[in-house]
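One-letter residues, chain by chain:
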Amino acid sequence: MTNKFQLYPSIQLPKSFIKTTLRNGLMQEWQNLWDQGDTDRQVFAIIPRVSLQSSNWIREDTIFFSEHGPFPAYLHRFGLTNNNLCSCGEIGSALHYATDCILTSSWHMRTPRQTSCKNG
């Protein structure tokens, strides 16, 4: 970020102008880093714009869709558990718990049925 204030060192700038300029520059720098990053692409797909405001996603949805949560597959990636397996013996991902784990069957999401489309 270039320092625009060095061009006019003797001019007194309003505090609000300085704050707005700095905030906009830092937000743009943060967005560029987020756009060009190579980590957390699952989260990027959900929340592509950086913001100082909270997203409209509820916490549980963000955890599920980003797979950043208390899932053995996630915890194992960071060496926080010895293996990536669920108690049922399958890989413990968010999708596993939501669709086929026998231990969470009462909470399973249903897969959409195939429907035929009629044109005309």
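Keep in mind the model is a prediction, meaning the values are calculated, not measured.

Within the chain, the secondary structure is distributed over five helices and zero strands. Mapped from its N terminus to its C terminus, the chain presents α and β elements in the order α-α-α-α-α. Within the span of the chain, comprising 120 residues, buried residues form 20% of the whole. The long-range share in the chain, meaning contacts at least 24 apart out of those at least 6 apart in sequence, stands at 19%.

Moving on: the packing of aromatic side chains. In total, this model carries five aromatic pairs according to the counting rule given. A ring pair is formed by Tyr74 and Phe78, whose centres lie 5.1 Å apart and whose planes are at 65°; its orientation type is edge-to-face. Overall, the relative accessible area of 47% leaves Phe78 in the partly exposed class. Taken together through their ring pairs, the aromatic side chains of Trp57, Phe64 and Phe65 make up a single cluster. Above the ring of Trp34, the side-chain terminus of Arg41 is found at 5.2 Å from the ring centroid. Lying over the aromatic face of Phe44, Arg41 brings its terminal NZ or CZ to 4.3 Å of the ring centre.

If you trace the backbone, Ser93 turns up in the loop between α4 (72-77) and α5 (94-99). On the basis of relative accessible area, Ser93 is assigned to the buried category, the value being 18%. Not counting residues up to four positions away in its chain, the partners in contact with Ser93 are Glu67, Phe71 and Ala73.

Turning our attention to the side chain of His68. Relative to the assigned elements, His68 resides in the loop between α3 (59-66) and α4. Taking relative accessible area as the criterion, His68 reaches 19% and is therefore assigned buried. Setting aside residues up to four positions removed in sequence, His68 forms contacts with Asp40, Val43, Ile63 and Tyr74.

Attention now goes to α3. Along α3, the positions that sit buried rather than exposed are Thr62, Ile63, Phe64 and Ser66. For α3, the secondary structure elements touched by its buried residues are α2 (41-46) and α5. Taken from the residues just after α3, Glu67 is the one with a positive phi, measuring 60°.

The rules behind the values
- Residues numbered from 1 in each chain as written.
- Predicted model: local features only at pLDDT ≥ 70, side-chain atom pairs only at ≥ 80, totals over all residues.
- Heavy atoms only, no water.
- Helix = DSSP H or I, 4+ residues; strand = E, 2+ residues; numbered from the N terminus.
- Buried < 20%, exposed > 50% of the residue type's maximum accessible area, 1.4 Å probe, protein only.
- Contact = heavy atoms within 4.5 Å.
- Phe/Tyr/Trp six-rings, centres within 6.5 Å; stacked < 30°, edge-to-face > 60°.
- Lys NZ or Arg CZ within 6 Å of the ring centre and 35° of its normal.

The values reported here are purely geometric and, on their own, carry no functional implication.
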